[in-house]
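An overview of the molecular structure
Below are the chains, spelled out letter by letter.
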Amino acid sequence: MAKKDTKKKNDDWAKTATRVFVVFILISCVLGFTLTMGFFNIFKKAEEGSIVAVQYTIRDETGTPIITSDTSVVETEGILAGVSQPIQFMVNQTYDDFIVPVEVYVYPSGVISYALFETEMQAISDSVVGLGEGDSTTVTFPFGSSMEREMSKEQYENIGGNFSEAEVGMWIPLGFAPQPEIALENETPQTIATRYARITDIGDESLTVLYGYAGADVRVETIV
């Protein structure tokens, strides 16, 4: 009788061991597949046609962050305008419109459409070619220093400014339409996005604003 009990215990142990082994094999397969996929993602690079999501920080010529999606920049440096989500785009895609609006939280206004230019988005898109997930780069906007506009006293006050209180270095919000078109008589183009510009010069009846930026810090988050 004792032999039968011993044999039954051995059979039960064998069945249990078999189940444990099967579970172990299944876990190993799943884990191995996951690790293998992660291993191959190390070598995945952004190329033409890739969909990428990037963290970014737009800066002026002094290095001041204008807008950013990076919370560490907000915590360590602060921002001039606001905070957005990471931006997603297709590498080397072309943009039909003059501006590419992105949603940015600006205190205390809330979420607004912020105007990035097609040339800026194109430069950011071109800069990620060959980068992998987690890689970073710095993009320069050589065209930014030439993006100036002269505004008459009347034009400035029409957007809510007080010409007598304007100072060089002051930042002001400007509105931009999707296409750089001149409005026809009695027709106002639809303003869909805001962009902060800096006053660089003040005359007797006009002032000059710089609305171009110097560049961007970019970090690739994901590549599809």
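Our subject is the structure that appears above.
Definitions and cut-offs
Residues numbered from 1 in each chain as written. Predicted model: local features only at pLDDT ≥ 70, side-chain atom pairs only at ≥ 80, totals over all residues. Heavy atoms only, no water. Helix = DSSP H or I, 4+ residues; strand = E, 2+ residues; numbered from the N terminus. Buried < 20%, exposed > 50% of the residue type's maximum accessible area, 1.4 Å probe, protein only. Contact = heavy atoms within 4.5 Å. Areas by Shrake-Rupley, 256 points an atom, 1.4 Å probe, with all protein chains shown as cover. Pairing = 2+ DSSP bridges. Patch = residues over 30% accessible without salt bridge, like charges linked within 9 Å, V, L, I, M, F, W, Y side chains within 5 Å. Salt bridge = Lys/Arg side-chain N within 4 Å of Asp/Glu carboxyl O. Phe/Tyr/Trp six-rings, centres within 6.5 Å; stacked < 30°, edge-to-face > 60°. Lys NZ or Arg CZ within 6 Å of the ring centre and 35° of its normal. Core = buried A, V, L, I, M, F, W, Y, C linked by side-chain atoms within 4.5 Å.

With that settled, the discussion passes to the overall build of the chain. Within the chain one finds four helices and 12 strands. In the chain, buried positions account for 34% of the 224 residues. Within the chain, contacts between residues separated by at least 24 positions form 64% of all contacts whose residues are at least 6 apart in sequence. For the chain, the exposed surface amounts to about 13800 Å²; the carbon and sulfur share of it is 55%.

Turning next to the pairing of strand β4 (residues 87-90). Side-chain positions along a regular strand alternate between the two faces of the sheet. Side chains Ile87 and Phe89 project from β4 onto a buried face, and the interleaved Gln88 and Met90 project onto a face without burial. Relative to β4, strand β1 (residues 51-59) runs antiparallel, the two being bridged by four bridges. Across the sheet, residue Ile51 finds its bridge partner in β4, namely Met90.

As a further point, take a nonpolar patch on the surface. Taken together, the side chains of Tyr105, Tyr107 and Val111 define a hydrophobic patch exposed on the protein surface, amounting to about 390 Å² of accessible area. In this fold, Val111 is placed in strand β6 (residues 110-117). The exposure class of Val111 is exposed, given its relative accessible area of 55%.

The next point concerns the packing of aromatic side chains. Summed over all chains, the structure comprises six aromatic pairs. A centroid spacing of 5.5 Å and a plane angle of 55 degrees characterise the contact between Phe176 and Tyr211, whose relative ring orientation is tilted. Here Phe176, found in strand β9 (residues 171-176), pairs with Tyr211, found in the loop between β11 (206-210) and β12 (215-223); they are 35 residues apart in sequence, far enough to count as distant. Judged on exposure class, the residue Phe176 and its partner Tyr211 are both buried. Aromatic ring contacts, followed pair by pair, group Phe98, Phe117, Phe176 and Tyr211 into a single cluster. If you follow Arg195 out to its NZ or CZ, it ends over the ring of Tyr213, 4.0 Å from the centre.

Attention now moves to helix α3 (residues 118-127). Along α3, seven of the 10 residues are buried, which leaves the element largely enclosed by surrounding structure. Every buried residue of α3 is listed here: Glu120, Met121, Gln122, Ala123, Ile124, Ser125 and Ser127.

Further remarks concern the nonpolar core. Judged by nonpolar contacts, the single largest core of 31 residues is most densely connected at Ile58, Ile67, Phe89, Tyr114 and Val128. Counting residues per element, the ones that place at least two in this core are β1, β2 (65-68), β4, β5 (99-106), β6, α3 and β12. With residues up to four places along the chain from it excluded, the contact list for Ile58 reads Thr64, Pro65, Ile66, Ile67, Leu116, Ile124, Phe141, Tyr213, Gly215 and Ala216. In terms of nonpolar packing, the next biggest core, distinct from the first, is built from 17 residues, Phe163, Ile172, Val209 and Tyr211 among them.

Overall, the coordinates contain seven salt bridges when judged by the stated rule. Within this structure, Arg59, Glu77 and Asp217 form a network of salt bridges that share partners.

Turning next to unusual backbone geometry. Between Tyr107 and the following residue, Pro108, the backbone shows a cis peptide bond with an omega angle of 0 degrees. Relative to the elements of secondary structure, Pro108 occurs in the loop between β5 and β6.

Relative to the elements of secondary structure, Val129 occurs in the loop between α3 and β7 (136-140). Residue Val129 is classed as partly exposed on the basis of its relative accessible area of 41%. A C-alpha to C-alpha distance of 7.4 Å links Val129 and Lys45, two positions 84 residues apart in sequence. Dropping the residues within four chain positions of it, Val129 is found in contact with Ala46, Val91 and Asn92.

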